[in-house]
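Residue-level listing of the chains:
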Amino acid sequence: MDKMIFGRYYPGGSFIHRLDPRLKLIINIIFIVLIFLIKHWYDYLILGGVVLAGVLLSGVSLRFFLRGLRPMLWLILFTVGLQLFFTSGQHVYWQWGVLSISQEGLINATYIALRFLLIIFMSTLLTLTTQPLAIADGMEYLMRPLKVVHFPVNDVALMLSIALRFVPKLMDETTKIMNAQRARGVDFNNGSLIKRVKALIPLLIPLMMSSLDIATDLTTAMISRGYRDGEGRTRYRILKWRRQDTWTLVTFVIIAIVAVL
Amino acid sequence: MQRENQLRVLVEGAIFAGLAMALEYVPHDLGVSSVQLSYGLIPLGVYSLRRGPVPGMLAGLVWGLLDMWLRGSGSLLNPVQIILEYPVAFGVVGLIGITAPYVRQHLRAGNIKQAVAGAVSGFIIGDFLKYLCHYFAGVFFWGSYAPKGQSAWLYSLIINGGSFIANLIMGVIVFALLVRVTPQLFTRNLE
């Protein structure tokens, strides 16, 4: 289980690793908007080039990016399959009952597969080259304008950092309890929906009880160390925006404008 | 003391959001690719029933942000869809806590049946609102991925309706059992 997420940060000192997490988040947001706006094959080519440049500059093996695709593979195949076999068109290459492959279906399926691939590669680039806590810090910074509407940005940032820190521990705890219950004969993977749901109870109760204990211990530790929230709170990790971040943003915005026009 | 309590509520919310996220990695394949159980709804529901709807929504929002970031890369289409399907859809799960005072009151009085009814009703509200968000996202954003000729409304209903019902069955059974077997889960360490 733990291989699925927190192994995703790939330590390194590449150009992409050194970029500010806020910049990487902003670029990801712009990229998602762009993917939605573009319509021509050459636009996909430009954005594909951007992703390829990012992958090469990160110094991370392509294998890690392909691993990021794995959890989404069925969703991609399902959506692409629907487009491919159920899109009607004028130029039909193959037909069998309600299923058909047409030129329009092929084009739609290719564009959709490309959209998925580019978005997954771009967001994997962010998570592979940025430490989770740096992303949390970046998110907190980008959410700051929401303070105007009294949104509790500091609280959300604190919760996000704590949750991130404890997800791997809770996953280990889940695996341990699941193994203990399996040794007692509980089957989590087979049976009807109702049987599976009932099997969850011996997993959920110890997990939630120990989560309450963790929360109590952590609160006591934070209070005894003089934790205080709000304005004036000092930080251990400070984000620094550098010249290379500005130039990367300018370059990306120019490419984005070219792709949209 | 009040500050300590506020911090306790936040930390507990963070840990339960983390647990909700961790549970999403437990294999829960039902054999139908479009129907998915979301085990994370259970700890989030328990937290919301302990602390009420507002802390519940905050914890749901954190769960949504974690899910978007750690698992959502293939499900991001545009900013509006992202906000609707992650912070909003996961945030409204916290509304399970609408029935929190009712559940606590009946647990303290030893009326288990009423407490179960309250917890289950809260869960139905949260689950319904979450999948309502996914349903509208399906209609307005994923609709373009539906096969040509098929209505986006029907496409989204097929994709999200199955998950909604499967999670509803899961939540009703789990909360009915949890309230009976471990009522202290909803009342322990509250102050």
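Quantities reported herein were computed from a predicted structural model and do not represent experimental measurements. (Residues numbered from 1 in each chain as written. Chains lettered and ligands numbered in written order. Predicted model: local features only at pLDDT ≥ 70, side-chain atom pairs only at ≥ 80, totals over all residues. Heavy atoms only, no water.)

### Quick word on the overall build of chain B
Scanning chain B from terminus to terminus reveals 7 helices and 0 strands. Along chain B, helices (α) and strands (β) appear in the sequence α-α-α-α-α-α-α when read from the amino end. A separation of at least 24 residues holds for 73% of the contacts in chain B among residues at least 6 apart in sequence. Of the roughly 6800 Å² of accessible surface on chain B, 66% is carried by carbon and sulfur atoms. (Helix = DSSP H or I, 4+ residues; strand = E, 2+ residues; numbered from the N terminus. Contact = heavy atoms within 4.5 Å. Areas by Shrake-Rupley, 256 points an atom, 1.4 Å probe, with all protein chains shown as cover.)

### Here's the deal with the domain arrangement of chain A
Domain boundaries in chain A define domain 1 (1-130 + 241-261) and domain 2 (153-230). Look at where the C-alpha atoms of domain 1 of chain A and domain 2 of chain A centre, and you get two points 33 Å apart. (Domains from an automatic or database assignment.)

### Some thoughts on the UniProt feature "transmembrane region" (unreviewed entry) in chain B
All names here are of chain B. In this structure's numbering, the residues bearing the UniProt feature "transmembrane region" (unreviewed entry) are residues 7-26, 82-103, 115-141 and 153-179. Secondary structure content for residues 7-26 is 85% helix and 0% strand, and the end C-alpha separation is 29 Å. Across residues 82-103, the secondary structure splits into 64% helix and 0% strand, with the terminal C-alpha atoms separated by 33 Å. (UniProt positions renumbered as here; feature names shortened; annotations may be inferred.)

### Observations concerning the confidence of the model for chain B
Taken residue by residue, chain B gives an average pLDDT of 88. The fraction at 70 or more is 90%. Both confidence scores are given for the complex: pTM 0.82, ipTM 0.90. (pLDDT = per-residue confidence, 0-100.)

### What about the UniProt feature "transmembrane region" (unreviewed entry) in chain A?
Residue and element names in this part refer to chain A. What UniProt calls "transmembrane region" (unreviewed entry) maps, in this numbering, to residues 21-38, 44-66, 73-94, 106-128 and 244-260. Taken end to end, residues 44-66 comprises 87% helix and 0% strand; its first and last C-alpha atoms sit 19 Å apart. End C-alpha to end C-alpha, residues 244-260 measures 24 Å, and it is 100% helix and 0% strand.

### Some words on the pattern of salt bridges
Taken as a whole and judged by the stated rule, the model has 5 salt bridges over all chains. Here D20(A) makes a salt bridge to R22(A), at a shortest N to O gap of 2.8 Å. For the pair formed by D20(A) and R22(A), the shared burial category is buried. Residue R8(B) is joined to E4(B) by a salt bridge in which the shortest nitrogen-to-oxygen separation is 3.4 Å. Here R8(B) pairs with E4(B), and both are found in helix 1 (residues 2-23), just 4 residues apart, close to one helical turn. The exposure class assigned to R8(B) is buried, which follows from its relative accessible area of 13%. Looking at E4(B), the relative accessible area reads 28%, which means it is partly exposed. Shared partners join several salt bridges into a network, and the residues in it are E12(B), R50(B) and R51(B). (Salt bridge = Lys/Arg side-chain N within 4 Å of Asp/Glu carboxyl O. Buried < 20%, exposed > 50% of the residue type's maximum accessible area, 1.4 Å probe, protein only.)

### Digging into unusual backbone geometry
One non-glycine residue with positive phi stands out, namely H150(A), at about 60°. We classify H150(A) as exposed; its relative accessible area is 73%.

### Considerations on the packing of helix 2 (residues 41-51) of chain B against helix 3 (residues 53-70) of chain B
Residue and element names in this part refer to chain B. Taken N-terminus to C-terminus, the directions of helix 2 and helix 3 make an angle of 155°; their axes are 7 Å apart at the nearest point. By the angle between their directions, the pair helix 2 and helix 3 is classed as roughly antiparallel. The chirality of how helix 2 crosses helix 3 is right-handed. Residues L41, L44, Y47, S48 and R51 of helix 2 lie in contact with helix 3, whose contacting residues are P53, P55, G56, A59, G60 and W63. Of the residues assigned to the contact of helix 2 with helix 3, the class counts are 7 nonpolar, 3 polar and 1 charged. (Axes fitted to C-alpha atoms, helices over the stretch in contact; angles between N-to-C directions. Parallel < 35°, antiparallel > 145°, perpendicular 65-115°, else oblique. Left-handed = near helix turned anticlockwise from the far one by under 90°. Nonpolar A, V, L, I, M, F, W, Y, C, P; charged D, E, K, R; others polar.)

### Some thoughts on the interface of chain B and chain A
Residue-level contacts link 68 residues of chain B with 70 residues of chain A. Surface buried jointly by chain B and chain A totals about 6200 Å² across both partners, of which 79% is contributed by carbon and sulfur atoms. Where R188(B) meets D213(A), a salt bridge forms, and the shortest distance between an N and an O atom there is 2.3 Å. Linking chain B to chain A there are 1 residue pair in polar contact (both at pLDDT 80 or more). Elements that contribute at least two residues to the side of chain B that touches chain A include exactly helix 1, helix 2, helix 3, helix 4 (79-91) and helix 7 (152-181) of chain B. Split by residue class, the side of chain B that touches chain A holds 47 nonpolar, 12 polar and 9 charged. (Buried area = accessible area lost by both parts, 1.4 Å probe. Polar contact = N/O pair within 3.5 Å; in protein donor to acceptor, adjacent residues only side chain to side chain.)

### Here we look at the nonpolar core
If you look at soluble globular proteins, the nonpolar side chains tend to sit buried side by side. Among the nonpolar cores identified, the biggest contains 97 residues, and M208(A), I42(B), L66(B), M170(B), F175(B), L178(B) and F186(B) are the most heavily contacted of them. Of the residues forming this core, the biggest block, 15 residues, is contributed by helix 9 (residues 193-224) of chain A. A domain-level breakdown of this core finds at least three residues from each of domain 1 (1-130 + 241-261) and domain 2 (153-230) of chain A. Each residue touching F175(B), except ones within four places of it in the same chain, is listed here: I42(B), G45(B), V46(B), L49(B), A119(B), V120(B), F123(B) and F186(B). Of all hydrophobic cores here, the second largest spans 41 residues; its members include L34(A), F65(A), I76(A) and I101(A). (Core = buried A, V, L, I, M, F, W, Y, C linked by side-chain atoms within 4.5 Å.)

### A short note on the side chain of K24(A)
Summarising the element assignment, K24(A) is placed in helix 2 (residues 21-37). It is D245(A) that comes nearest to the buried, bridge-free K24(A) among opposite-charge side chains, at 8.0 Å. (Lys, Arg positive; Asp, Glu negative; His and termini not counted.)

### Some remarks on helix 8 (residues 153-183) of chain A
Here helix 8 of chain A is 31 residues long and its end C-alpha atoms lie 44 Å apart, about the 45 Å a rise of 1.5 Å per residue gives. In helix 8 of chain A, a bend of some 35° at V167(A) exceeds every other bend along the element, and P168(A), a proline, comes one to four places later. (Expected span 1.5 Å × (residues − 1). Bend = angle between axes of the 7 residues up to and from the residue.)

### So, the side chain of D245(A)
Residues and elements named next belong to chain A. Structurally, the position occupied by D245 is in helix 10 (residues 243-260). Summary of buried charges: D245 has no salt-bridge partner, and the nearest side chain of opposite charge, R242, is 4.7 Å away. Apart from the residues lying within four places of it in its own chain, the contact partners of D245 are L19, D20, L23 and K240.

### Side note on the packing of helix 1 of chain B against helix 3 of chain B
Residues and elements named next belong to chain B. Viewed as axis vectors pointing N to C, helix 1 and helix 3 meet at an angle of 40°, and their least axial separation amounts to 9 Å. As summarised for this structure, helix 1 and helix 3 are arranged oblique, according to the angle between their axes. Along this stretch, helix 1 crosses helix 3, giving a crossing that reads as right-handed. Contacts between helix 1 and helix 3 involve V9, L10, G13, A17, A20 and M21 from the first element and P55, L58, A59, V62, W63, L66, D67 and L70 from the second. By residue class, the composition of the contact of helix 1 with helix 3 is 12 nonpolar, 1 polar and 1 charged.

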